[in-house]
Amino acid sequence: MKIGLYLTLFLITSFVHAKQLALSFDDGVNPDLNVQALTINQHILEQLHQHRIKSIIYPSVIKIGDYAGVQLVAEWGKQGHQIGNHSELHLNLNKDSISSQQYIDGIRRAEQVFQPLQGWVARYRYPFLKEGNTQEKRDAVVGYLKQHDYQSGAVSIDASDWFYNQKYLSYQKHHQSDQLEKLKQAYIYHLLDRADYYDQLAIDTIGYSPKHVLLLHVNAINAAFLDDVVLAFQQQGWQLIDSDKAYTDPLYQLSSTVLPAGESIIWSLAKQQGHADLRYPAEDAPYEQENLKRFGLL
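This report concerns the structure included in the present document. (Residues numbered from 1 in each chain as written. Predicted model: local features only at pLDDT ≥ 70, side-chain atom pairs only at ≥ 80, totals over all residues. Heavy atoms only, no water.)

1. A short note on the nonpolar core
Where we set the bar: The term nonpolar core refers to a set of buried residues drawn from Ala, Val, Leu, Ile, Met, Phe, Trp, Tyr and Cys, joined through side-chain atoms within 4.5 Å. Burial classification: accessible surface area is computed with a 1.4 Å probe over protein chains only, and a residue below 20% of its type maximum counts as buried, one above 50% as exposed, and the rest as partly exposed. Each helix is a run of H or I in the DSSP string that is no shorter than four residues. Each strand is a run of E no shorter than two, and both are numbered from the N terminus. Contact definition: two residues touch when any of their heavy atoms are within 4.5 Å.
Of all hydrophobic cores here, the largest spans 90 residues; its most connected members are Leu-23, Phe-25, Ile-44, Trp-76, Tyr-103, Phe-114 and Phe-233. With 13 residues, the single largest contributor to this core is helix α8 (residues 177-206). For Leu-23, the contacting residues outside a window of four places in its chain are Leu-48, Ile-53, Ser-55, Ile-56, Leu-214, Leu-216, Leu-226, Val-230, Leu-240 and Ser-243.

The following block contains the structure:
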């Protein structure tokens, strides 16, 4: 069966209803460590401009390096996108070795770097989507964010684009153009499938299809394929909306009492309600084997 037919069948068989989606991008890129950093940043911004999409970037200081990396983040604000806070050191709050005070200090120091930039908004996204493995840590950070008027940077659709990016970089390095084309189709299928999974989970959990926020990263695969990704979502019936509009959905005012805290807000609320057979949110290789086989990548 031809690769394109898989996507066609996926689009035909997907249940279509009024669905809205905003794109968000984590981390940023470090020009001192990545020779493609400027190109990656520019290509993503060009494709967002082409589709008239206003997004939000959540940069982490450790991910962007020094002055040159900050300038790449600044370009997002200059082009009308929002700039949030993704912490200084990209720490995992669910690790026992990370204290709430250490974590909060990282939020504050990152704000000092990004707050002066055009496009800054006080919106925080937890690294790894981990919000604390104890009630004390969870509540301490939530309290700090509320005290400093931070809004939610939650996602409803968690997608392991980083896993596909690793494969993209490998194929790119070895000039495997045929594999790159197969990977593009597999990546699109993966994102569409992930979006439909979380959309149905939202309907089952909160009773409606919300204005979704998709987690992506500033990386090579999105620089290469974002245009194709947007077109595929539109073909499936999704409306691409600006990130600030998405965050007006009441979903992002909700919170879960589940510990460890975090993950997609939809996933966390579903777990709190006792939904059975939830797929582990940080999916990668174990879940992707069939998809990779489907497109001839195994």
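There is more to say, and it comes next.
2. Observations concerning the pattern of salt bridges
Where we set the bar: The working definition used for a salt bridge is a side-chain nitrogen of Lys or Arg within 4 Å of a carboxyl oxygen of Asp or Glu.
Enumeration according to the criterion identifies 10 salt bridges in this entry. A salt bridge links Arg-109 to Glu-88, with the nearest nitrogen and oxygen atoms 2.7 Å apart. Taken together, the positions of Arg-109 in helix α5 (residues 100-114) and Glu-88 in the loop between β3 (82-85) and α5 put the pair 21 residues apart, joining distant regions of the chain. A salt bridge links Asp-228 to Lys-184; the nearest nitrogen and oxygen atoms lie 3.7 Å apart. Here the residue Asp-228 occupies a position in helix α9 (residues 220-235), and Lys-184 occupies one in helix α8, the gap between them amounting to 44 residues. Given the relative accessible area of 25%, Asp-228 is considered partly exposed.

3. Here we look at the environment of Arg-294
Residue position: Arg-294 is located in helix α12 (residues 285-294). Among the residues examined, Arg-294 registers a relative accessible area of 27% and is labelled partly exposed. Separated by 25 residues in the primary sequence, Arg-294 and Leu-269 place their C-alpha atoms 32 Å from one another.

4. With respect to the pairing of strand β4 (residues 120-124)
Filter applied, for reference: Assignment of crossover handedness uses the view with strands pointing away from the viewer, where a clockwise path from the first strand over the helix to the second indicates a right-handed crossover. A pair of strands is labelled paired if DSSP reports no fewer than 2 bridges between them.
Of all 5 residues in β4, 4 are buried, a share of seventy percent or more. Each parallel crossover has a hand, and the one from β3 via α5 to β4 is right-handed. The pairing of β4 with strand β6 (residues 151-152) spans 2 bridges and is parallel. Following the sheet pairing, Tyr-124 is matched in β6 by Ser-152.

5. Topic: the packing of α5 against helix α6 (residues 135-147)
Relative placement of two packed helices is described by the angle separating their axes and the distance separating the axes. Operational definition: In this analysis, axes come from line fits to C-alpha atoms, helices being fitted only over the stretch in contact, and the angle between any two N-to-C directions falls in the range 0 to 180 degrees. Note on angle classes: values under 35 degrees are labelled roughly parallel, values over 145 roughly antiparallel, values of 65 to 115 roughly perpendicular, and the remainder oblique. Crossing handedness follows the turn of the near helix against the far one: under a right angle anticlockwise gives a left-handed crossing, and clockwise gives a right-handed one. Gly is put with the polar residues, along with every residue not named as nonpolar or charged; the nonpolar set is Ala, Val, Leu, Ile, Met, Phe, Trp, Tyr, Cys and Pro, and the charged set is Asp, Glu, Lys and Arg.
It is at 9 Å that the axes of α5 and α6 come closest, and there the two elements cross at 25 degrees. Classed by the angle they form, the pair α5 and α6 counts as roughly parallel. The handedness of the crossing between α5 and α6 comes out as right-handed. Judged by residue contacts, Ser-100, Tyr-103, Ile-104, Ile-107 and Arg-108 of α5 engage Glu-136, Lys-137, Ala-140, Val-141, Tyr-144 and Leu-145 from α6. Its residues assigned to classes, the contact of α5 with α6 shows 7 nonpolar, 1 polar and 3 charged.

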